[in-house]
Amino acid sequence: MKRSIHFVAEGLTSYIDLEGFRYLYLFFPMFGIFLTVLFIRYFIKDDIGHGVSKILYAISKKSSKLKPHKMYSSMVASSLTIGFGGSVGSEAPIVLTGASIGSNLARIFKLRYKYITLMVGCGAAGAIAGIFNAPMAGIVFTLEVLMLDLNMAFLIPLLISAVTATVLAYFFMGEGVLLKFVQVAPFEINTIWIFLLVGVFTGFLGLYFTRGTMYFESRFKGINSWFIRMLAGGFIVGVLIFLFPPLWGEGYDSIITVFNNHGHELLDSSLFAPWKDNPYIVLLVVAGILIFKVLAMSATTGGGGNGGIFAPTLFSGALAGYFVIKLLNTLFGLNVVENNFALAGMAGMMAAVMHAPLTGIFLTAEITGGYGMFIPLLITSTVAYVTIMAFEPHSIYTKRLADTGELITHNKDKAVLRSMEVKKLIENDFVILSPDGTLRDLVKAISKSNRNLFPVVDKEGYLKGMVKLSKIKSLIFEPELYDKVKVKDLMFMPEFYISSQDSMETVAEKFETSNRYNLAVIDEGKYLGFISRALVFSNYRKTLEYFSHD
């Protein structure tokens with residue numbers, strides 16, 4: 001993945017005048033998005049965007065089964081998008097690739113759901129570990145973001161995968177990892193208040209990042225023509241990169257620039273380059289980059305490009321931490337070293353955007369090659385996570401699925417319920433009565449049925465009511481009434497009923513509140529059958545066993 005992106009990008013930058021304003025920035029992203037759209041639309045013919053959300057959806061609704069083409073399609077598509085300057089990251093596509101490899105290997109060996117899910121996790125852990133040479137971050141990312149349920153025995157395969165990926169990545173690429181930071185300035189206890197500020201700032205920035213991404217992407221989805229979407233997305237990205245060159249590609253070069261305490265160099269090769277020694281102009285430009293990064297990323301994916309939000313999150317976090325300390329140094333003359341706060345900002349943004357504080361802590365700690373910054377990373381991540389949780393209960397990965405009710409969670413009870421479907425639990429062995437029928441018809445139905453409920457349905461299939469055996473027992477022994485009493489005189493409309501479109505959480509709640517043993521299933525007035533408490537409980541037990549790791 002790294003090599004393919006580098007191959008595409010290297011071929012392009014040789015044509016760009018690094019000393020000028022890079023007018024080709026206006027066209028390259030659009031061309032990359034166009035190639036990506038053609039590849040996906042006419043070759044893959046499937047949606048491969050938002051890799052981590054795709055994995056979560058597969059775990060939730062597809063028994064952790066990912067299509068074979070996802071073992072390579074995301075790599076090709078994101079290489080075209082990012083290599084041509086798309087303002088997204090390669091981590092989500094490579095995580096989807098790794099997870100797909102794990103899923104399809106598990107299917108080849110005919111493993112059960114719980115082991116397919118484990119293999120998906122192993123692929124994802126290996127992907128993150130290989131990208132950053134950070135095995136602990138790979139494992140923690142899998143546990144925090146992807147895994148439904150895990151016990152200690154299943155940690156061993158994750159550990160093997162992460163360590164193996166790290167060793168192989170190091171063997172083939174050596175020190176050429178995406179991010180490397182050597183901590184020079186030690187952590188000082190009197191700067192804790194600044195890390196608290198960075199945590200609050202990244203928490204609110206993460207809220208803007210999440211809400212802004214969802215809003216802009218929804219606007220692009222509203223454009224029916226894929227060609228117009230591509231033109232609009234490519235044009236917006238091109239203009240933003242022209243104004244703010246650090247928005248080009250993944251942004252790791254800009255992160256390294258900030259790590260090296262050369263934040264003013266972010267203005268190089270831009271319209272603002274003549275003023276890069278003015279700290280106030282630098283602050284304004286960095287603020288602009290933070291604001292427009294969300295639009296650039298959303299325009300890239302909304303226009304049809306392929307990529308993830310992992311790198312943009314790290315990019316925004318590093319610049320957020322730099323912005324806070326640069327502002328304090330400029331206004332109050334603190335003269336505090338800036339790079340430590342850029343590192344903390346990355347952890348804070350990961351905690352806020354991905355709701356993965358531990359991943360942020362361990363990834364940034366492993367990037368430094370040590371744990372000298374562990375305390376400030378804990379502080380920043382915790383504060384950022386608490387800040388955003390007050391406004392947004394879902395991460396950017398899970399929000400899309402949560403809005404459609406397709407999210408599987410780390411809460412096993414909810415996960416099991418959400419994997420069950422009402423349609424598969426509907427029982428149809430109830431004897432149906434006509435509202436114009438007589439008591440005699442009802443008595444005949446009772447003699448044939450093993451149920452104590454009798455739905456009353458008209459010729460069009462609409463439920464008119466139901467008759468309960470316990471309510472009419474006395475009438476059974478009065479033959480003189482058999483032809484006089486009508487079914488419609490005995491029926492009643494159920495107080496509680498459900499639709500086949502309801503979630504199992506809704507069904508469980510109605511069983512609990514109604515204290516009923518059977519609920520009628522009605523869609524737009526039409527009778528479909530009943531769902532029983534006993535069948536739901538039985539199915540719940542089987543599904544729980546299917547989900548659980550032993």
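Residues numbered from 1 in each chain as written. Predicted model: local features only at pLDDT ≥ 70, side-chain atom pairs only at ≥ 80, totals over all residues. Heavy atoms only, no water.

A word on the pairing of strand β5 (residues 526-532)
Stage number 1. Summarising burial for β5: five of the seven residues are buried, a large majority.
Stage number 2. Where strand β4 (residues 518-523) lies against β5, six bridges are found, and the strand directions are antiparallel. Directly across from Ala-520, in β5, lies its bridge partner Phe-530.
Stage number 3. As consecutive antiparallel partners, β4 and β5 are separated by two residues, and within that stretch Glu-524 has a phi angle of approximately 50°, a positive value. (Buried < 20%, exposed > 50% of the residue type's maximum accessible area, 1.4 Å probe, protein only. Helix = DSSP H or I, 4+ residues; strand = E, 2+ residues; numbered from the N terminus. Pairing = 2+ DSSP bridges.)

As for helix α14 (residues 339-353)
Stage number 1. When the terminal C-alpha atoms of α14 are compared, their 21 Å separation across 15 residues agrees well with the 21 Å that a helix rising 1.5 Å per residue should span.
Stage number 2. Buried residues dominate α14, accounting for 15 of its 15 residues.
Stage number 3. Following α14 by one or two positions, His-355 adopts a phi angle in the positive range, close to 55°. (Expected span 1.5 Å × (residues − 1).)

Observations regarding unusual backbone geometry
Stage number 1. Phi at Lys-45 is positive, roughly 55°, even though this residue is not glycine.
Stage number 2. Residue placement: Lys-45 occurs in the loop between α2 (28-44) and α3 (51-61).
Stage number 3. Taking relative accessible area as the criterion, Lys-45 reaches 64% and is therefore assigned exposed.

Remarks on the packing of aromatic side chains
Stage number 1. Tallying each qualifying case throughout the model produces 17 aromatic pairs.
Stage number 2. Both rings, one in Phe-132 and one in Tyr-252, keep their centres 6.5 Å apart while their planes meet at 75°; by these two values the pair is edge-to-face. Note that Phe-132 is positioned in helix α6 (residues 113-132) and Tyr-252 in helix α11 (residues 252-259), a separation of 120 residues in sequence.
Stage number 3. For Phe-132, a relative accessible area of 3% corresponds to the buried category. (Phe/Tyr/Trp six-rings, centres within 6.5 Å; stacked < 30°, edge-to-face > 60°.)

A closer look at empty space enclosed by the protein
Stage number 1. Taken as a whole, this structure holds one cavity of 30 Å³ or more when the rule is applied.
Stage number 2. Estimated volume of the largest cavity: approximately 60 Å³.
Stage number 3. If you go around the largest cavity, the residues you meet are His-50, Gly-51, Val-52, Ser-53, Ala-92, Gly-307, Gly-308, Ile-309, Ile-396, Tyr-397 and Arg-400.
Stage number 4. Residue assignment for the lining of the largest cavity shows that the elements contributing at least two residues are α3 and α17 (396-403).
Stage number 5. Among the residues forming the lining of the largest cavity, the class breakdown is five nonpolar, five polar and one charged. (1 Å grid on protein atoms, 1.4 Å probe; cavity = no way out; pocket = protein on both sides within 12 Å on 5 of 7 lines; lining within 4 Å. Points joined across faces, edges and corners; volume = space filled by probe spheres on them. Nonpolar A, V, L, I, M, F, W, Y, C, P; charged D, E, K, R; others polar.)

A word on the sheet that holds strand β3 (residues 497-498)
Stage number 1. A sheet is described by the order of its strands in space; here three strands give the open sequence β3-β4-β5, paired in mixed fashion. Two strands close off the open sheet at either side, each with one partner strand: β3 and β5.
Stage number 2. Bridge count between β3 and β4: two bridges; the pairing is parallel. For Ile-498, the partnering residue across the bridge sits in β4 and is Val-521.
Stage number 3. The strands touched by helix α21 (residues 504-514) are β3, β4 and β5; relative to β4, the strand with the most contacts, the crossing angle is about 130°. (Contact = heavy atoms within 4.5 Å. Axes fitted to C-alpha atoms, helices over the stretch in contact; angles between N-to-C directions.)

Focus: the pattern of salt bridges
Pairing between side chains of opposite charge can happen when the charged atoms of each approach one another.
Stage number 1. Scanning the entire structure with this criterion turns up nine salt bridges.
Stage number 2. Salt-bridge contacts for Asp-268 lead to Lys-276; the nearest nitrogen and oxygen are separated by 2.9 Å.
Stage number 3. Its salt-bridge partner being Arg-451, residue Glu-427 comes within 2.5 Å of it at the nearest N-O pair. Here Arg-451 lies in the loop between α19 (439-448) and β1 (453-457) and Glu-427 lies in the loop between α18 (412-419) and α19, a separation of 24 residues in the sequence.
Stage number 4. It is possible to trace a salt-bridge network through shared partners that takes in Glu-427, Asp-429 and Arg-451. (Salt bridge = Lys/Arg side-chain N within 4 Å of Asp/Glu carboxyl O.)

Here we look at the packing of α11 against helix α13 (residues 310-332)
Stage number 1. The geometry of α11 relative to α13 is characterised by a closest axis approach of 9 Å and an angle of 25° between their N-to-C directions. The pairing of α11 with α13 is recorded here as roughly parallel in orientation. Two packed elements cross with a definite hand, and for α11 against α13 that hand is left-handed. Counted together, Tyr-252, Ser-254, Ile-255 and Val-258 of α11 and Ala-311, Leu-314, Phe-315, Ala-318, Leu-319 and Tyr-322 of α13 form the full contact between these two elements.
Stage number 2. Residue composition of the contact of α11 with α13, grouped by class: nine nonpolar, one polar and no charged. (Parallel < 35°, antiparallel > 145°, perpendicular 65-115°, else oblique. Left-handed = near helix turned anticlockwise from the far one by under 90°.)

Considering the nonpolar core
Stage number 1. In terms of nonpolar packing, the biggest core is built from 95 residues, with Phe-132, Phe-141, Phe-310, Leu-314, Leu-363 and Tyr-397 touching the most fellow members.
Stage number 2. For this core, the element with the highest residue contribution is α13, accounting for 12 residues. (Core = buried A, V, L, I, M, F, W, Y, C linked by side-chain atoms within 4.5 Å.)

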